Amino acid sequence: MKAKSDIGLLGLAVMGQNLVLNMNDHGYTVSVFNRTPAKTRAFKSGPAAGRDSVIAAYDLEEFVQSLKQPRRVMLMVKAGHVVDNFISMLVPLLDPGDIIIDGGNSHFPDTTRRTHDLAQKGLLYIGTGVSGGEEGARHGPSIMPGGNKKAWPAVRDIFRSIAAKTPNGEPCCDWIGPDGAGHYVKMIHNGIEYGDMQLIAETYHLLHAGCGVSTEELGAVFERWNSGELESFLIEITAEILTVKDTDGTPLVEHILDAAGQKGTGKWTGIDALELGVPVTLIVEAVFSRALSSYKSERQEASRHFSAPNIPFSGSRNAFVEKVRTALYAAKIVSYAQGFMQISAAAHQNDWKLDYGSIARMWRAGCIIRSRFLGEITRAFEDNPKLKNLLLAPFFADAVRKAAPAWREVVIEAVRLGIPVPALSSALAFFDGYRSETLPANIVQAQRDYFGAHTYERTDHPRGEFFHTDWTGTGGDVSAGSYNA
Ligand code: NBP
């Protein structure tokens, strides 16, 4: 077969098929391959029917030989060992300088490992986050590539042409950084997505179960919110979801079991945050909230033992709805501040030079967390590329300062009514901790020194000088090593 395809895409499930059609719409000839040939046949005679420049291959060697050099092979398969298996089958078929791209949700350490292993073999590897689900893949996803930068010039035009565009027309795709940096940023994107979804769910629960606002009314509330500073894909779809009726005419959401699933990227974000020692409380609360929701039968049993406080909501519902909107906005700022703290800590640890404003721009359209608000984040990092924390950017500092009184009232009211708002309240606790010059960690240090001779630093001595006290008069002079695990 004469090599004529610009790129090959391996893995024809929902993401792969839609990316192929997107690439083909942008003028690229695409070869396709899938483990199960019947799916390739169904794609070629179905969604890709009539597209002569989508070339179906039923043998891996034939697929590879159909590609122009340097060959670009993009994997859109299940993350994990499936990616390693395909890489090991592709390696003998490829030539030095050829490129393998993994567009699935791979865990970033795997991408780092694969980038280095393939570089040893003269092959260039890219691990890229692709966000936006089916619709994004078809009409413009957010694409976050990282890995071997030598491969970037060869895929740049394809990726940037198929990517979503910001309202200013900029592609939501740029080079992120080396190793697993692209998949790392996608992982944080997914973590933030967990946080955004949880925050929205909490505002729904508080207003519906706590204040008696009907699902239909809430549909209109979310629609209104979507025309202001909260404008985002997730608010928009929530407004729509709340208006959908079941066959009996009642809101469909009221029939959906309250047990949330997860595929692991939020968990990875949380585990990595713990490893890095970054207080990403809100994303972790969102992951744990899904976990708690899955204890459905145990919660049903517990609900028979513990009733909610029998205190009805009093006050103006309309005024409270506005306070909840304000609280949601403030908590969302904290969530993104935490996400960027984590990216910055990972960049520091791995020696990645990342452009935070550009990362926010890549999320501005095409992906699940797309929102107006991300434009402000890009501006904050462009105004001050050395910005320590989003909360310290003048725009966000001002927004949180103004929102704080309503945010506190909302959390207090939720606690009074017995409606759990773990993300809204942990975001507030984080904010209060972050803005506090003094925290009770002196007590923790004293306790650690008391029981384990772990030592402490003093306020009246330079940092790095460690002291130990014989608190009971019966301990010795020997202290434990002063290091942080
Ligand atoms: P899936 O994640 O369902 O993967 C389907 C593909 O993996 C098919 O080509 C399938 O081949 C192949 N595959 C599987 Br499953 N097990 C295999 C095995 N043991 N050996 C060889 N091939 C195997 O598809 P997707 O939802 O399109 O997602 C593709 C990637 O993109 C994943 O990493 C996913 O996490 C990521 N992603 C998904 C979304 C989304 O919204 N779905 C969004 C963003 C990223 P077969 O047809 O022969 O079974």
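Here, every reference points to the structure presented above.
Just so we're clear, the structure is a prediction, and the values are computed from it rather than from any experiment.

Participant: Would you mind showing me how to read the overall build of the protein here?
Facilitator: For the protein, the count of helices and strands is 19 helices and seven strands. For the protein, the C-alpha radius of gyration of 26 Å lies close to 23 Å, the compact-globule estimate for 485 residues. Dimensions along the principal axes, computed over C-alpha positions, put the protein at roughly 80 × 70 × 45 Å. The buried share of the protein, reckoned over its 485 residues, is 50%.

Participant: Quick question: what am I supposed to make of the layout of surface pockets here?
Facilitator: Empty space within the second largest pocket amounts to approximately 500 Å³. As for the second largest pocket, its lining consists of 13 residues, of which Ala441, Asn442, Gln445, Glu457 and Thr459 are closest to the centre. A class-by-class count of the residues in the lining of the second largest pocket yields five nonpolar, four polar and four charged.

Participant: I tried to follow the site of the ligand on my own but got confused; where do I start?
Facilitator: Every one of the 20 residues lining the ligand counts as a neighbour, but Met15, Asn34, Arg35, Thr36 and Val77 are closest to it. Residue Val14 places a main-chain N or O atom 3.3 Å away from an oxygen atom belonging to the ligand. A distance of 3.3 Å separates an oxygen atom of the ligand from a polar atom in the backbone of Lys78. Listing elements by their share of the shell around the ligand, those giving two or more residues are α1 (14–25) and α4 (81–90).

Participant: Mind showing me how you'd approach the pairing of strand β7 (residues 142–147) here?
Facilitator: For a regular strand, side chains alternate in direction, first toward one face of the sheet and then toward the other. Burial analysis of β7 places six of its six residues in the buried class, the great majority of the element. The two faces of β7 match: Ser142, Met144 and Gly146 on one face and Ile143, Pro145 and Gly147 on the other face are all buried. In the sheet, strand β6 (residues 124–131) pairs with β7 via six bridges, with the strands oriented antiparallel. By the bridge assignment for β7, Thr128 is matched with Pro145.

Participant: Any chance you could explain unusual backbone geometry here in plain terms?
Facilitator: Leave glycine aside and you will find that most residues have negative phi; peptide bonds, for their part, are mostly trans. The peptide bond linking Gln69 to Pro70 adopts the cis configuration, its omega dihedral lying at -5 degrees. Backbone geometry at Ala453 places phi at a positive 50 degrees, although glycine is not the residue there. In this structure, Thr455 is a non-glycine residue whose phi angle is positive, near 70 degrees. Its location among the elements puts Thr455 in the segment after α19 (441–452).

Participant: What is the right way to look at the sheet that holds strand β2 (residues 30–33) in this model?
Facilitator: Working definition: the strands of a sheet are paired by backbone hydrogen bonds and lie parallel or antiparallel to each other. If you walk across this open sheet you meet the seven strands as β3-β2-β1-β4-β5-β6-β7, and the pairing is mixed. The two strands at the open ends of the sheet, each matched to only one other strand, are β3 (54–56) and β7. Here the strands of the sheet are splayed against their neighbours by 25 degrees on average, with no regard to which way each runs. On top of the sheet, helix α2 (residues 37–45) reaches β2 and β3; it is set at about 150 degrees to β3, its chief contact. Packed onto the sheet, α4 meets β1 (7–10), β2, β4 (72–75), β5 (99–102) and β6 and runs at close to 160 degrees relative to β4.

Participant: In this structure, what is going on with the nonpolar core? I would like to understand it.
Facilitator: Generally speaking, nonpolar side chains in soluble globular proteins are found buried as a group. Core analysis: the largest hydrophobic core is formed by 86 residues, its most contacted members being Trp225, Phe340, Trp363, Ile377, Leu390 and Trp407. Among the elements that take part in this core, helix α14 (residues 317–350) stands out by supplying 17 residues, more than any other. Among all residues touching Phe340, those that are not within four sequence positions of it are Tyr356, Ile359, Ala360, Trp363, Ile377, Phe381 and Leu390.

Participant: Just to check I follow, could you spell out the environment of Ser31 for this structure?
Facilitator: Mapped onto the fold, Ser31 is located in strand β2. Its relative accessible area of 0% is what places Ser31 among the buried residues. A C-alpha to C-alpha distance of 46 Å links Ser31 and Val221, two positions 190 residues apart in sequence. Here the side chain of Ser31 touches Ser66 through a polar contact of 2.6 Å, side chain to side chain.

Participant: What is the right way to read empty space enclosed by the protein from this model?
Facilitator: Gaps left between atoms are located by rolling a probe of water-molecule size over the structure's atoms. Following the criterion strictly, the structure yields two cavities of 30 Å³ or more and no others. Quantified by volume, the largest cavity comes out at close to 80 Å³. Taken together, 13 residues line the largest cavity, and the ones lying closest to its centre are Asp196, Ile200, Ser232, Ile235 and Lys332. Breaking the lining of the largest cavity down by element, the ones donating at least two residues are α8 (181–210), α10 (233–243) and α14. Taken together, the residues that form the lining of the largest cavity break down as nine nonpolar, one polar and three charged. Roughly 30 Å³ of volume is contained in the second largest cavity. Lining the second largest cavity are Asn105, Ser106, His183, Lys186, Met187, Thr265 and Trp268. With three residues, the single largest contributor to the lining of the second largest cavity is α8. Of the residues assigned to the lining of the second largest cavity, the class counts are two nonpolar, four polar and one charged.

Participant: What is the right way to look at α19 in this model?
Facilitator: An α-helix turns once every 3.6 residues. As a result, residues three or four positions apart point the same way. Here α19 contains 12 residues, and its C-alpha end-to-end distance of 16 Å stays within 8% of the 16 Å for a straight helix at 1.5 Å per residue. After α19 finishes, the residue Ala453 shows a positive phi value of roughly 50 degrees.

About the criteria used
Residues numbered from 1 in each chain as written. Predicted model: local features only at pLDDT ≥ 70, side-chain atom pairs only at ≥ 80, totals over all residues. Heavy atoms only, no water. Helix = DSSP H or I, 4+ residues; strand = E, 2+ residues; numbered from the N terminus. Rg over C-alpha atoms; globule rule 2.2 N^0.38 Å. Buried < 20%, exposed > 50% of the residue type's maximum accessible area, 1.4 Å probe, protein only. 1 Å grid on protein atoms, 1.4 Å probe; cavity = no way out; pocket = protein on both sides within 12 Å on 5 of 7 lines; lining within 4 Å. Points joined across faces, edges and corners; volume = space filled by probe spheres on them. Nonpolar A, V, L, I, M, F, W, Y, C, P; charged D, E, K, R; others polar. Near = heavy atom within 4 Å. Polar contact = N/O pair within 3.5 Å; in protein donor to acceptor, adjacent residues only side chain to side chain. Pairing = 2+ DSSP bridges. Axes fitted to C-alpha atoms, helices over the stretch in contact; angles between N-to-C directions. Contact = heavy atoms within 4.5 Å. Core = buried A, V, L, I, M, F, W, Y, C linked by side-chain atoms within 4.5 Å. Expected span 1.5 Å × (residues − 1).

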